Amino acid sequence: MTTTTNNFELPGSYKKWTIGLIAAGVIAVLYGVFKFHPWEVGHNGEHLESTRFWSVLLQNSVFWLLVVNASMFFIGVTTLAMGGWQVALRRVPEAISSVVPVLGIITFAILMAIVFGGHHDIYHWVDKAAVEHDPILKGKSSFLSPKFFSIWSGITIFLWWFLGNKMRQLSLNSDKNGPMDYETGKKWIDKNFLYSSLFIVFFGLTVGSTIPWLWLMSIDAHWYSTMYSWYTFASSFVSGMSLIAIFVVFLKNKGQLEYVTEEHLHDVGKFMFAFSVFWTYLWFSQYMLIWYANIPEETGYFKIRVQGPFRGIFFLNLILNFIAPLLILMKRGAKRNWTLLTVMAVLIIFGHWIDFWQMVMPGTLKGDAHFSLFDIGVAALFIGIIMWRVGAYLTKHPLTAKNHPFLKESMIHHT
């Protein structure tokens, strides 16, 4: 039996940034507690200072949880597609997906505090009296209820962690058990196929449908869109691919990931480019159909975003998430330039953080459209947590799955 050692140590600057971001985030949350009085409860859509506190926590927790979970979706999809090219960098999305249980617990706690804390200003359907007198909310009460919301949210987060953990453990076990013969390798791949299939199906049932409805779309409970969940998925997946790109470039600059070349980064860049275009297709399709039909029940969602105080954010969203990736990542050379790819990855993540901001805030803050240091500070907290957990995973486990049956294919990968 052979084992693979890992000599990678996080540089001091990485540790300082991690501690600094977490500290800044904790200070921001404490500031928010004293500034916004989160224990106050609004009724009948009443906007209170506490509304901003819970809105910012909701937006950041949901966004960053979906982003890190997208890494396991990437592993699952490429596994089912027999995509050997990603094996050389596989430990990076594994490390990112290991953050899911931490952010999952935080997100679940925030959701439960909002729902059972009676924050009708966030989720109007939590108000039983309002539901009783509102035929639309009453018609949706079978799933827009605290009981169903909490149970399904808990099951979802648990299975994201459980299935993702199974896939990570399969990968790490290959390091401990040494090179595989044909039969052993086939059984190992079959197990990967099994858990990848289960994860992809459940991911589709949650991120591709129910979870965005419950966590985000139900903020505007009278409005619905059949494209909303796919739109949310595209936003989180392209951000997840961008996060993978950032960590791959970081590790390459530190002399790690010996088998990763510009060919692999080129393919990661292709995902970033392709899903930026796919996100735009969904953005345009959703907006165009509602604009063209001009039905009052549907246009209200966009009216505040396009004609109201959020107008600038709405179109900035399009520039950051479509125009910039289209013009810059279209060229082959851009996807092979480490610096440019990193800049675009940061821009895409920021752009879709803005996207989630404008998905949440108009429905909760109404006309109060402004950023604050509190928004930035809470985002810093989640970024720091991601850096902390990813760094811990990368230093604890080998950075290359050297016994993976498809490693050779990844080593000779050429686009």
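Residues numbered from 1 in each chain as written. Predicted model: local features only at pLDDT ≥ 70, side-chain atom pairs only at ≥ 80, totals over all residues. Heavy atoms only, no water.

Caption draft 1: Region of the structure containing the overall build of the chain. Across its full length, the chain holds 15 helices and 0 strands. Along the first, second and third principal axes, the C-alpha atoms of the chain reach 65 × 40 × 40 Å. When burial is assessed residue by residue, the chain has 56% of its 415 residues classed as buried. If you take every contact in the chain between residues at least 6 apart in sequence, the share linking residues at least 24 apart comes to 81%. (Helix = DSSP H or I, 4+ residues; strand = E, 2+ residues; numbered from the N terminus. Buried < 20%, exposed > 50% of the residue type's maximum accessible area, 1.4 Å probe, protein only. Contact = heavy atoms within 4.5 Å.)

Caption draft 2: Molecular detail of the packing of helix α10 (residues 262-293) against helix α12 (residues 311-329). Two elements in contact, α10 and α12, have axes separated by 9 Å at closest approach and are oriented at 140°. Between α10 and α12, the crossing angle belongs to the class labelled oblique. Handedness of the α10/α12 crossing: left-handed. Residues Gly269, Met272, Phe273, Ser276, Trp279, Thr280, Trp283 and Tyr287 of α10 form the contact with α12, whose participating residues are Phe314, Asn317, Leu318, Asn321, Phe322, Pro325, Leu326 and Leu329. Of the residues assigned to the contact of α10 with α12, the class counts are 11 nonpolar, 5 polar and no charged. (Axes fitted to C-alpha atoms, helices over the stretch in contact; angles between N-to-C directions. Parallel < 35°, antiparallel > 145°, perpendicular 65-115°, else oblique. Left-handed = near helix turned anticlockwise from the far one by under 90°. Nonpolar A, V, L, I, M, F, W, Y, C, P; charged D, E, K, R; others polar.)

Caption draft 3: Representation of unusual backbone geometry within the structure. Even without glycine at this site, Met82 takes up a positive phi of about 55°. Note on placement: Met82 falls in the loop between α2 (49-80) and α3 (91-97). Phi at Leu257 takes a positive value of approximately 55°, unusual for a residue other than glycine. Within the element layout of this structure, Leu257 appears in the loop between α9 (228-253) and α10. Looking at Leu257, the relative accessible area reads 3%, which means it is buried.

Caption draft 4: A look at the side chain of Ser218. By the secondary structure assignment, Ser218 is in the loop between α8 (182-215) and α9. Of the polar contacts made by the side chain of Ser218, one reaches the side chain of Trp125; its length is 3.1 Å. Those residues within four positions of Ser218 in sequence are excluded, and the remaining contacts are Tyr123, Trp125, Leu144 and Trp213. (Polar contact = N/O pair within 3.5 Å; in protein donor to acceptor, adjacent residues only side chain to side chain.)

Caption draft 5: Molecular detail of the packing of α2 against helix α4 (residues 100-116). At their nearest, the axes of α2 and α4 sit 9 Å apart, and the two run at 150° to each other. Here α4 runs roughly antiparallel to α2, going by the angle between their axes. α2 and α4 meet at a crossing whose hand is left-handed. Counted together, Trp54, Leu57, Leu58, Ser61, Val62, Trp64, Leu65, Val68 and Asn69 of α2 and Val100, Leu103, Gly104, Thr107, Ile110, Leu111, Ala113 and Ile114 of α4 form the full contact between these two elements.

Caption draft 6: The nonpolar core, seen in detail. With 131 residues, the main nonpolar core has Tyr123, Trp125, Trp160, Trp215 and Met272 as its most contacted residues. When residues in this core are grouped by element, the largest group, 17 residues, is from α2. Once you skip the residues sitting within four places of it in the chain, Trp215 turns out to touch Leu58, Val62, Leu65, Thr107, Leu111, Tyr123, Phe149, Ser153, Ile157 and Trp160. (Core = buried A, V, L, I, M, F, W, Y, C linked by side-chain atoms within 4.5 Å.)

Caption draft 7: Expanded view of α4. The end-to-end C-alpha distance of α4 is 23 Å, a good match for the 24 Å that 17 residues give at a rise of 1.5 Å each. Of all the residues in α4, the buried ones are Val100, Leu103, Gly104, Thr107, Ile110, Leu111, Met112, Ile114 and Val115. In this fold, the buried residues of α4 make contact with α2, α3, α7 (146-176), α8 and α14 (373-396). Directly beyond the C-terminal end of α4, a positive phi value near 75° is found at Gly118. (Expected span 1.5 Å × (residues − 1).)

Caption draft 8: Looking closely at a nonpolar patch on the surface. A cluster of nonpolar side chains, contributed by Leu316, Ile319, Ile323, Leu327, Ile328 and Leu340, occupies part of the molecular surface with about 470 Å² of accessible area. If you trace the backbone, Leu316 turns up in helix α12. (Patch = residues over 30% accessible without salt bridge, like charges linked within 9 Å, V, L, I, M, F, W, Y side chains within 5 Å. Areas by Shrake-Rupley, 256 points an atom, 1.4 Å probe, with all protein chains shown as cover. Salt bridge = Lys/Arg side-chain N within 4 Å of Asp/Glu carboxyl O.)

Caption draft 9: Expanded view of the pattern of salt bridges. Inspection of every chain in the model, using the stated rule, returns 10 salt bridges. Notably, a salt bridge pairs Glu132 with Lys138, separated by 3.3 Å at the nearest N-O pair. For Lys138, a relative accessible area of 42% corresponds to the partly exposed category. Of the charged contacts, one joins Arg336 and Glu263 as a salt bridge, the two residues approaching to 2.8 Å between their closest N and O atoms. In this pair, Arg336 sits in the loop between α12 and α13 (338-365) while Glu263 sits in helix α10, placing the two residues 73 residues apart along the sequence. Arg336 sits in the buried class, given a relative accessible area of 13%.

Caption draft 10: Representation of the packing of aromatic side chains. In the structure shown here, the tally under the stated rule is 46 aromatic pairs. Between Phe53 and Trp54 the ring centres are 5.1 Å apart and the planes differ by 85°, which places this aromatic pair in the edge-to-face class. Each member of the pair, Phe53 as well as Trp54, is classed as buried. Taken together through their ring pairs, the aromatic side chains of Phe73, Phe74, Trp85, Phe199, Phe203, Trp230, Phe233, Phe237, Phe271, Phe275, Phe278 and Tyr281 make up a single cluster. Sitting over the face of the ring of Tyr301, Arg305 holds its NZ or CZ atom 3.6 Å from the ring centroid. Geometry around Phe273 places Lys335 over its ring, the cationic atom sitting 5.5 Å from the centre. (Phe/Tyr/Trp six-rings, centres within 6.5 Å; stacked < 30°, edge-to-face > 60°. Lys NZ or Arg CZ within 6 Å of the ring centre and 35° of its normal.)

Caption draft 11: Region of the structure containing the side chain of Ser61. By the secondary structure assignment, Ser61 is in helix α2. Only 2.8 Å separates the side chain of Ser61 from the backbone oxygen of Leu57, close enough to count as a polar contact. Sequence-distant contacts of Ser61, defined by excluding residues within four places in its chain, comprise Thr107, Ile110 and Phe382.

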